[in-house]
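One letter stands for each residue in the lines below.
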Amino acid sequence: MKLVIAVVQDKDSNRLSNSLVKEGFRATKLASTGGFLKAGNTTFMIGIENERIQEVMQVIKANCKVREQLVTPVSPMGGTTDSYIPFPVEVQVGGAAVFVLPVERFEHF
């Protein structure tokens, strides 16, 4: 058995949740916040049999897309901000960060 932890952008959360249910996967959703953009994410925890890892990975990949987003950098730490003019920068956001961990023991009460 494995534990799949998938951190996805909030924009992809509902679509992924619906697809997981449709394909027969159970998941626990947790609200989370990204460290880089300080934006909302959803973390899915999915307990899965070893044979179904590729299936769940395909569902995640099909529903979590990378997209471009303009962000304005925060002002520099320290120093003067008189001459600092923040220009928006285009960065890639979205997709999914997926971790697959072995489960030593699972019990359901």
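Please refer to the structure higher up on the page.
No experiment lies behind these values; they were computed from the predicted model shown.

Caption draft 1: Summary view of the overall build of the protein. A tally of helices and strands in the protein yields two helices and six strands. Counted from the first residue to the last, the protein has its helices and strands arranged as β-α-β-β-α-β-β-β. Within the protein, the proportion of its 109 residues that are buried is 27%. In the protein, once contacts between residues fewer than 6 apart in sequence are set aside, the share between residues at least 24 apart is 69%. Total accessible area computed for the protein in this model is approximately 7,800 Å², and 55% of it derives from carbon and sulfur atoms.

Caption draft 2: Up close: the nonpolar core. The biggest cluster of nonpolar side chains holds 14 residues, and the ones touching the most others in it are Val4, Leu16, Leu20, Phe44, Ile46, Val56 and Ile60. Of all the elements in the fold, those that place two or more residues in this core are β1 (2–9), α1 (10–22), β3 (40–48) and α2 (53–63). Per-element tally for this core: the top contributor is α2, with four residues. Those residues in contact with Ile60 that lie beyond four places of it in its chain are Val4, Ala6, Leu16, Ile46, Ala96 and Val98.

Caption draft 3: Broad picture of the side chain of Ser19. Checked against the element boundaries, Ser19 lands in helix α1. Among the polar contacts made by the side chain of Ser19, one reaches the side chain of Asn63 at a distance of 3.1 Å. Beyond its immediate stretch of four places on either side in the chain, Ser19 contacts Val59 and Asn63.

Caption draft 4: Seen up close, the sheet that holds strand β6 (residues 96–102). Taken in spatial order, the four strands line up as β2-β3-β1-β6 in an open sheet, and their pairing is antiparallel. This sheet does not close on itself; its edge strands, each paired only once, are β2 (28–33) and β6. Taking the axes of each pair of neighbouring strands and ignoring which way they run, one obtains an average angle of 20 degrees across the sheet. In the sheet, β2 pairs with β3 via six bridges, with the strands oriented antiparallel. Paired with Ser32 across the bridge in β3 is Asn41. Here α1 sits on the sheet and contacts β1, β2 and β3; the angle it forms with β3, its principal contact strand, is near 25 degrees.

Caption draft 5: Representation of the pattern of salt bridges. Counting across every chain of the model gives three salt bridges. A salt bridge links Arg52 to Glu55; the nearest nitrogen and oxygen atoms lie 3.3 Å apart. Its relative accessible area of 22% is what places Arg52 among the partly exposed residues.

Conventions and cut-offs
Residues numbered from 1 in each chain as written. Predicted model: local features only at pLDDT ≥ 70, side-chain atom pairs only at ≥ 80, totals over all residues. Heavy atoms only, no water. Helix = DSSP H or I, 4+ residues; strand = E, 2+ residues; numbered from the N terminus. Buried < 20%, exposed > 50% of the residue type's maximum accessible area, 1.4 Å probe, protein only. Contact = heavy atoms within 4.5 Å. Areas by Shrake-Rupley, 256 points an atom, 1.4 Å probe, with all protein chains shown as cover. Core = buried A, V, L, I, M, F, W, Y, C linked by side-chain atoms within 4.5 Å. Polar contact = N/O pair within 3.5 Å; in protein donor to acceptor, adjacent residues only side chain to side chain. Pairing = 2+ DSSP bridges. Axes fitted to C-alpha atoms, helices over the stretch in contact; angles between N-to-C directions. Salt bridge = Lys/Arg side-chain N within 4 Å of Asp/Glu carboxyl O.

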